Amino acid sequence: MLYGALEAGGTKMVCAVGKEDGTILEQVSIPTTTPEETLPKIIEYFKDKDIASLGVAAFGPVDVNPTSETYGYILDTPKLPWRNYNLLGALREGLHLPMGLDTDVNGSCLGEMTFGCARGLDNVLYLTFGTGVGAGIAIGGQLLHGMLHPEAGHILMPRHPEDTYEGKCPYHKTCLEGMAAGPAIEARWGDKAKNLADRDEVWEMESWYIAQALVNYILTLSPRKIILGGGVMHQEQLFPLIRSKVTEFLNGYLNTKELKDMDSYIVPSSLHDDQGIMGCVELAKRALTVSA
Ligand SMILES: [Zn+2]
């Protein structure tokens, strides 16, 4: 059986066909412009693929509550053509298939829980650091939703004692995203993260912010594993810095077997940036179970 996978991002729509075991057989990338332009191309791609169902992981905020009147709508996004757009409705109208929907980061979390390094774990945190900071969270084996969905990239942060940068987030200035996402790094240091690889002070400060956030998530969510993805995390020198600061900030308060093995506890994504699209395959599989 074949499954359709759609990773609906703010800059591109990744469309793929995958198998039960998560293998991606083919994929294309379609630029995210306007719904009028982009949706017909997505539908055209999937139309003749003989897929049983479609899994969609969408940029947010997106309504992921199946009982809500606006289920499947992109909500109050700064991307104006997509604001209040019925994404799932348009896909259903064009494809007439069972569909599963979640946030892009929950999709990646699910990908890691199904096919990657978080298999068999109940509480898992997946964080992406790129143009923004997003969090996918599973609690008791279920992806966390609630009144909307977690927006843990916007938790409020203390300022690093040596940081004079005002903060990038238009809502909170100094939230995690405002201090530690790619655009904040570029604004603070005057260059893109990838060009700052040999500047130790950049990663010292970046890991300070990330570790503070992780400690708060560890204390509230009790994750068994924390997976860090996104473009910023391609700076692999961050991992040892983050691990040692998390240990330092926890200051011996928790003593679990997971925290004793930091190298296995805070890890890069294990699916080579395919965690999102593979998570969509799993969403598609689950949609079939639900509708059967
Ligand atoms: Zn914010």
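Parameters and conventions
Note that residues are indexed from 1 along each chain, following the sequence as it is written. Per-residue local features of the predicted model are confined to residues with pLDDT of at least 70, and side-chain atom pairs are confined, for both listing and counting, to 80 or more; whole-chain, interface and lining totals are unaffected and use all residues. Side-chain metrics rest on all non-hydrogen atoms present in the structure, leaving aside hydrogens and water. Think of each axis as a best-fit line through the C-alpha atoms, taken over the contacting stretch in the case of a helix, with angles from 0 to 180 degrees between the N-to-C directions. The way it works is that DSSP assigns letters per residue, a run of H or I at least four long becomes a helix, a run of E at least two long becomes a strand, and they are numbered from the N terminus. Small angles under 35 degrees read as roughly parallel and large ones over 145 as roughly antiparallel, with 65 to 115 read as roughly perpendicular and the rest as oblique. Helix crossings fall into two classes, left-handed where the near helix is turned counterclockwise from the far one by less than a right angle and right-handed where it is turned clockwise. When checking whether two residues touch, look at their non-hydrogen atoms; a contact exists if any pair is within 4.5 Å. By definition, a salt bridge exists where a carboxyl oxygen of Asp or Glu is found within 4 Å of a side-chain nitrogen of Lys or Arg. Burial classification: accessible surface area is computed with a 1.4 Å probe over protein chains only, and a residue below 20% of its type maximum counts as buried, one above 50% as exposed, and the rest as partly exposed. Donor atoms: N, O and S within 2.8 Å of the metal, or within 3.2 Å for Na, K and Ca. Because water is excluded, sites can look incomplete. A site with four donors is called tetrahedral when every donor-metal-donor angle falls between 85 and 135 degrees; four donors are called square planar, and six octahedral, when opposite donors sit more than 155 degrees apart and all other angles fall between 65 and 115; any other arrangement is irregular. Two strands qualify as a pair provided DSSP detects at least 2 bridges between them.

(A) Spotlight on the packing of helix H6 (residues 200-221) against helix H7 (residues 238-250). For the pair H6 and H7, interaxial distance at closest approach is 8 Å and the crossing angle is 50°. Taken together, the axes of H6 and H7 are oblique relative to one another. Along this stretch, H6 crosses H7, giving a crossing that reads as right-handed. Contacts from Trp 203, Glu 204, Glu 206, Ser 207, Trp 208, Ile 210, Ala 211, Gln 212, Leu 214, Val 215, Ile 218 and Leu 219 of H6 reach H7 at Leu 238, Leu 241, Ile 242, Lys 245, Val 246, Phe 249 and Leu 250.

(B) Representation of the pattern of salt bridges within the structure. Evaluated as defined, the whole model comprises 15 salt bridges. The partner of Asp 163 in a salt bridge is Arg 188, with the nearest N and O atoms 2.9 Å apart. You can see Asp 163 sitting in the loop between strand E10 (142-143) and helix H4 (176-180) and its partner Arg 188 sitting in helix H5 (residues 182-189), a full 25 residues away along the chain. Each member of the pair, Asp 163 as well as Arg 188, carries the same accessibility label: buried.

(C) Representation of the coordination of the zinc ion in the model. Bound to the zinc ion on the protein side are His 154 (ND1), Cys 169 (SG), His 172 (ND1) and Cys 175 (SG), at distances that span 2.1 to 2.4 Å. Bound by 4 donor atoms, the zinc ion shows angles of 104 to 117° at the metal and therefore tetrahedral coordination geometry. Here the donor residues of the zinc ion are spaced in sequence according to H-x14-C-x2-H-x2-C. When its relative accessible area of 0% is taken as the criterion, Cys 175 is described as buried.

(D) The side chain of Thr 114, seen in detail. As for its placement among the helices and strands, Thr 114 is situated in helix H3 (residues 104-115). Each residue touching Thr 114, except ones within four places of it in the same chain, is listed here: Arg 119 and Glu 282.

(E) Examining the pairing of strand E9 (residues 133-139) more closely. Within E9, 6 of the 7 residues are buried, which leaves it mostly tucked inside the rest of the structure. As defined by bridge partners, strand E8 (residues 124-129) adjoins E9 across 6 bridges and the pair is classed as antiparallel. Bridge pairing in E9 places Leu 125 opposite Ile 137. Taking the residues between adjacent antiparallel strands as the criterion, E8 and E9 are bridged by 3 residues. Between the end of E9 and the start of E10, which pair antiparallel, lie 2 residues, with Gly 140 showing a positive phi angle near 60°.

(F) Summary view of unusual backbone geometry. In the segment running from Gly 60 into Pro 61, the intervening peptide bond is cis, with an omega of 0°. By the element assignment, Pro 61 lies in the loop between strand E4 (54-58) and strand E5 (73-74). With a phi angle near 60°, Asn 84 is a residue other than glycine that sits in the positive phi range. The residue Asn 84 is located in the loop between E5 and strand E6 (85-86) in this model. According to the relative accessible area criterion, Asn 84 is exposed, its value standing at 52%. With a phi close to 55°, His 272 is a non-glycine residue in the positive phi region. Relative to the elements of secondary structure, His 272 occurs in the loop between strand E12 (266-268) and helix H10 (275-291).

(G) Representation of the sheet that holds E8 within the structure. Spatial ordering of the open sheet is given by E10-E9-E8-E11-E12, a layout of 5 strands whose pairing is mixed. For this open sheet the edge positions go to E10 and E12, each flanked by a neighbour on one side alone. Pairing of E8 with strand E11 (residues 225-229), which is carried by 5 bridges, proceeds in the parallel orientation. What sits directly across from Leu 127, in E11, is Leu 228. Running at roughly 165° to E12, H7 makes contact with E11 and E12 of the sheet.

Any link to function would need more than the numbers given here.
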